[in-house]
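Listed here are the chains, written in short residue letters.
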Amino acid sequence: MSRKLFFLATIALTAVSGLSSAPAFAQGHMGSPQEQQACSRDASRFCRKDLGNDMAVQGCLQANRAKLSRSCSKVFQSHGM
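In this text, all values refer to a predicted model and were calculated from it rather than measured experimentally.

## Observations concerning the overall build of the chain
Counting its regular elements, the chain contains four helices and zero strands. Helices and strands appear in the chain in the N-to-C order α-α-α-α. By the burial criterion, 43% of the 81 residues in the chain qualify as buried. Taking the contacts inside the chain whose residues are at least 6 apart along the sequence as the reference set, 49% of them involve residues at least 24 apart. Looking at the chain as shown, the accessible area adds up to about 4600 Å², and 53% of this sits on carbon and sulfur atoms.

Structure below.
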């Protein structure tokens, strides 16, 4: 799995699992708490059936790219996606 893909998948998983207020490295996840928070609503809204599957959530968010909130879209843009 590419580093970007892994990074975004862990952001999505962490955001929707309620760990967004915990420091990212303390939980073993990549991505800042701000990045995790930025995509949590979008992941819950568009990818509910995929929650718990990092790759599926990341793919789902990308498939819904045009519908993402501005903050989540900026996370993807900041990582070249």
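We are not done yet, so read on.
## Points about the confidence of the model for the chain
Taken over all residues, the pLDDT of the chain has a mean of 74, while the share at 70 or more is 62%. This model gives residues 18–30 a pLDDT under 50, and the stretch forms 21 contacts once residues within four places in sequence are excluded.

## Some points on helix H4 (residues 70–78)
Because an α-helix completes one turn every 3.6 residues, residues spaced three or four positions apart along the sequence face the same direction. Within H4 the residues assigned to the buried category are Cys72, Ser73, Val75 and Phe76. Each buried residue of H4 sits inside an arc of 150° when the element is viewed along its axis, so together they form one side. Along H4, exposed side chains directed more than 90 degrees from the buried face belong to Arg70, Lys74, Gln77 and Ser78.

## Thoughts on helix H3 (residues 54–63)
Listed as buried for H3 are Asp54, Val57, Gln58, Cys60 and Leu61. An end-on view of H3 places all buried positions within 160° of arc, on one side of the element.

## What to know about the nonpolar core
Ranked by size, the top nonpolar core spans eleven residues in total: Ala38, Cys39, Ala43, Cys47, Val57, Cys60, Leu61, Leu68, Cys72, Val75 and Phe76. Looking at this core, the elements that each hand over two or more residues are helix H2 (33–46), H3 and H4.

Quick notes on the rules
- Residues numbered from 1 in each chain as written.
- Predicted model: local features only at pLDDT ≥ 70, side-chain atom pairs only at ≥ 80, totals over all residues.
- Heavy atoms only, no water.
- Helix = DSSP H or I, 4+ residues; strand = E, 2+ residues; numbered from the N terminus.
- Buried < 20%, exposed > 50% of the residue type's maximum accessible area, 1.4 Å probe, protein only.
- Contact = heavy atoms within 4.5 Å.
- Areas by Shrake-Rupley, 256 points an atom, 1.4 Å probe, with all protein chains shown as cover.
- pLDDT = per-residue confidence, 0-100.
- Arc of directions from axis to C-beta.
- Core = buried A, V, L, I, M, F, W, Y, C linked by side-chain atoms within 4.5 Å.

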